[in-house]
Amino acid sequence: MSKQIIKGKLLAFENKFIQQRIEKAELLRAEGINPYANNSQRNTTIAKFLNVNSDVAEKENQRDEKRHYIVSGRIKLFRIMGKASFIKIEDESGMLQVYVARDNLPEGFYNDTFKKNIETGDIVEINGFPFVTGKGELSLHAEGVKLLTKAIAPLPEKFHGITDKETRYRKRYLDLIMNAEVRKTFKIRSKVISLTRHFFEDKGFLEVETPMMHPIAGGANAKPFVTHHNALGIDRFLRIAPELYLKRLIVGGFEAVFEINRNFRNEGMDATHNPEFTSIEFYWAYKTYKDLIKITKEYFEYLFDHLDLPTILPYGDLEVDFSEFKEIPLIESLSVIGGVPEDIVNDKEKILAYLRANKLEAKSEMTLGQLQGELFDGFVEEKLINPTFITEYPVDISPLARRSDVNPEITERFELFIAGREIANAFSELNDPVDQYERFKAQVESKESGDDEAHEMDEDFVEALSYGMAPTAGQGIGLDRLVMLLTNEHSIRDVLLFPAMKPLHNEHANDKNEENKTGE
RNA sequence: GUCUCGUUAGCUCAGCUGGUAGAGCACGUCACUUUUAAUGAUGUGGCCGAUGGUUCGAAUCCAUCACGGGACACCA
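Right, let's walk through the structure included here. All figures in this text were calculated on a predicted structure; none of them were measured in a lab.

**Focus: the pairing of strand β18 (residues 472-478)**
- Most of β18 sits inside the fold, with six of its seven residues counted as buried.
- Pairing geometry for strand β17 (residues 421-428) and β18, over five bridges, is antiparallel. Its bridge partner being in β18, Phe427 is matched across the sheet by Gly474.

Right, here's the structure in full:
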């Protein structure tokens with residue numbers, strides 16, 4: 001737990017290091033140097049500098065004084081060696097060593113300004129020429145040093161950096177300054193989002209934005225956040241899924257739509273759950289879940305190709321082999337993968353007994369399909385390491401999926417599991433408005449008997465379906481978890497720039513009243 | 001929500017069965033013009049997460065609270 005946050009000394013500028021640095025900024029001002037200058041002259045990035053000058057080692061004296069560059073960056077290391085110094089500066093593209101010698105700078109600047117008032121954490125601009133040091137490191141030989149931005153807060157320790165997870169999540173900017181691999185993770189995340197967008201655009205999907213504030217929180221089984229519209233005097237729910245709006249668009253005649261954005265679920269937080277999370281949902285008219293299996297495989301190939309990932313990815317202690325995506329019906333997976341005796345998987349009483357014998361939750365009022373779901377969660381899910389499509393889900397745990405024409409008890413649905421986790425959920429959509437109405441009614445009854453995550457009746461959605469929705473297949477993919485998988489991260493907080501955190505102080509004295517309101 | 005571990009200097013961490021705090025880095029001063037976590041000398045720096053309790057005496061023991069990590073439960 002980081003004490004500094006609680007004490008708040010840095011913010012109050014009471015900290016002695018901050019005082020010292022503010023004084024330095026004043027001294028610089030007195031010399032006519034603006035400690036917050038904005039006239040940057042940078043003409044190349046560090047990565048480009050290193051790349052373009054990789055030939056300097058071959059040159060006479062291992063230097064090229066005819067080349068001139070201006071680079072900028074934050075000082076990460078400062079090594080003063082008398083009349084010369086080595087500093088390391090970092091910009092977004094990389095890290096560069098700069099050699100600063102007294103005699104290459106204006107009279108007095110090195111001793112009175114550079115050594116005294118410029119330090120680790122400051123953002124500077126260096127102009128100079130490339131050379132290679134005795135130890136073989138391509139560096140920049142400074143002929144001018146300009147301060148761009150004075151940092152009045154000291155950087156964390158140069159070797160260990162910042163490791164306290166709480167500080168890293170609360171002050172992500174510090175984490176990003178200090179930890180290059182964190183920057184890399186978030187670059188990959190950004191790329192995954194971008195690739196996802198391009199993949200579906202290339203397939204002819206239309207990107208749309210549907211409401212985040214819903215009158216009825218539908219499209220998933222989850223508790224919603226409640227917010228309030230003052231002018232209308234009504235409560236709204238932050239969406240738990242965009243599904244029902246996207247399907248209305250299919251009714252409206254768009255044949256392929258997708259939305260990449262946040263969902264909000266008012267549930268516990270842990271390594272795989274953040275109150276707001278990012279998903280892609282896409283809906284595709286005149287297709288079935290079989291087509292979704294195909295496009296999902298293509299999507300993963302596309303990602304792996306563009307991210308340049310190996311077919312076998314490490315994930316913690318696991319090795320996940322993406323070369324083959326298996327397919328198996330849920331009922332079959334129970335015995336084949338889960339080791340559940342084959343003769344019990346269609347018998348309510350036997351499943352109940354089996355679950356209880358294995359100390360798993362089992363309520364007598366559960367339906368057969370719900371019990372099969374329990375079996376799956378308890379015995380199969382964690383064993384699905386390599387990508388596996390689990391298909392043919394029971395209808396009573398799939399309120400929005402289309403029934404199978406062959407067996408009305410199951411739906412045309414799959415979930416994709418990788419590394420023991422659900423990554424995608426997809427099905428041929430239910431487009432029979434009467435069936436949909438009945439299923440909503442069943443959910444409402446379930447809700448009345450205590451399941452507060454059950455669906456509510458959405459009459460407007462049923463009405464939309466009653467105008468006819470073309471046969472459609474739809475899918476949702478949890479992008480945070482996908483990024484976790486691809487970056488070998490094991491906490492969702494490590495793939496969210498600003499994960500949800502509890503407030504540090506009792507800032508909201510009226511929270512108790514708020515609780516009462518939302519509980520109504 | 002439950003269990004469990006943690007919170008000591010700006011950062012990373014020691015501090016044993018109670019005797020009012022230590023290192024490294026950083027920072028200040030000095031030396032040093034090719035270093036690589038530069039080096040050497042020297043110095044400053046702490047409400048030991050918060051509140052109570054036990055005790056002559058608490059960073060240390062106990063309780064409660066706050067925040068965080070991990071595991072489990074629910075979910076994506």
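Still to come is the rest of the account.
**A closer look at the packing of helix α11 (residues 348-357) against helix α12 (residues 368-380)**
- Orientation of α11 relative to α12, taken along the N-to-C sense of each, is 30 degrees, at an axis distance of 10 Å. Both α11 and α12 take part in a crossing whose hand is left-handed. Between α11, through Lys348, Ile351, Leu352, Tyr354 and Leu355, and α12, the contact on the second element is made entirely by Leu368, Leu371, Gln372, Glu374, Leu375 and Phe379.
- A breakdown of the residues in the contact of α11 with α12 according to their chemical character gives eight nonpolar, one polar and two charged.

**A short note on the protein's contact with RNA strand B**
- Surveying the vicinity of RNA strand B reveals 58 residues, the closest of which are Lys16, Arg79, Asp103, His273 and Arg481.
- Expressed as a percentage, the sugar and phosphate content of the atoms of RNA strand B within 4 Å of the protein is 58%.
- With respect to RNA strand B, the side chain of Gln97 contributes an N or O atom lying 2.5 Å from a base oxygen.
- Within the side chain of Tyr99, one N or O atom sits 2.7 Å away from a base oxygen of RNA strand B.
- Taken together, the elements giving at least two residues each to the surface near RNA strand B come down to α1 (3-7), α2 (16-30), β1 (69-81), β2 (84-91), β3 (94-101) and α5 (165-170).
- When the residues that make up the surface near RNA strand B are grouped by side-chain class, the tally is 17 nonpolar, 15 polar and 26 charged.

**Describing the sheet that holds β3**
- Pairing is mixed in the closed barrel, where five strands are placed in the order β1-β2-β3-β5-β4. Neighbour-to-neighbour, the strand axes of the sheet open up by a mean angle of 50 degrees, direction not taken into account.
- Contacting β1, β2, β3 and β5 (138-149), helix α4 (residues 109-117) crosses the sheet at an angle of about 40 degrees to β2.

**So, the pairing of strand β12 (residues 312-315)**
- Of the two faces of β12, only the one carrying Leu313 and Tyr315 is buried; Ile312 and Pro314 on the other face are not.
- Examined bridge by bridge, β12 and strand β13 (residues 318-321) share four bridges and lie antiparallel to one another. Across the sheet, Leu313 pairs through a bridge with Val320, a residue of β13.
- As consecutive antiparallel partners, β12 and β13 are separated by two residues, and within that stretch Gly316 has a phi angle of approximately 60 degrees, a positive value.

**Quick notes on empty space enclosed by the protein**
- Evaluated as defined, the whole model comprises one cavity of 30 Å³ or more.
- In this structure, the largest cavity encloses a volume near 40 Å³.
- Residue assignment for the lining of the largest cavity shows that the elements contributing at least two residues are β17 and α15 (479-487).
- Here the lining of the largest cavity is composed, by residue class, of five nonpolar, no polar and two charged.

Rules and cut-offs
Residues numbered from 1 in each chain as written. Chains lettered and ligands numbered in written order. Predicted model: local features only at pLDDT ≥ 70, side-chain atom pairs only at ≥ 80, totals over all residues. Heavy atoms only, no water. Buried < 20%, exposed > 50% of the residue type's maximum accessible area, 1.4 Å probe, protein only. Helix = DSSP H or I, 4+ residues; strand = E, 2+ residues; numbered from the N terminus. Pairing = 2+ DSSP bridges. Axes fitted to C-alpha atoms, helices over the stretch in contact; angles between N-to-C directions. Left-handed = near helix turned anticlockwise from the far one by under 90°. Contact = heavy atoms within 4.5 Å. Nonpolar A, V, L, I, M, F, W, Y, C, P; charged D, E, K, R; others polar. Near = heavy atom within 4 Å. Polar contact = N/O pair within 3.5 Å; in protein donor to acceptor, adjacent residues only side chain to side chain. 1 Å grid on protein atoms, 1.4 Å probe; cavity = no way out; pocket = protein on both sides within 12 Å on 5 of 7 lines; lining within 4 Å. Points joined across faces, edges and corners; volume = space filled by probe spheres on them.

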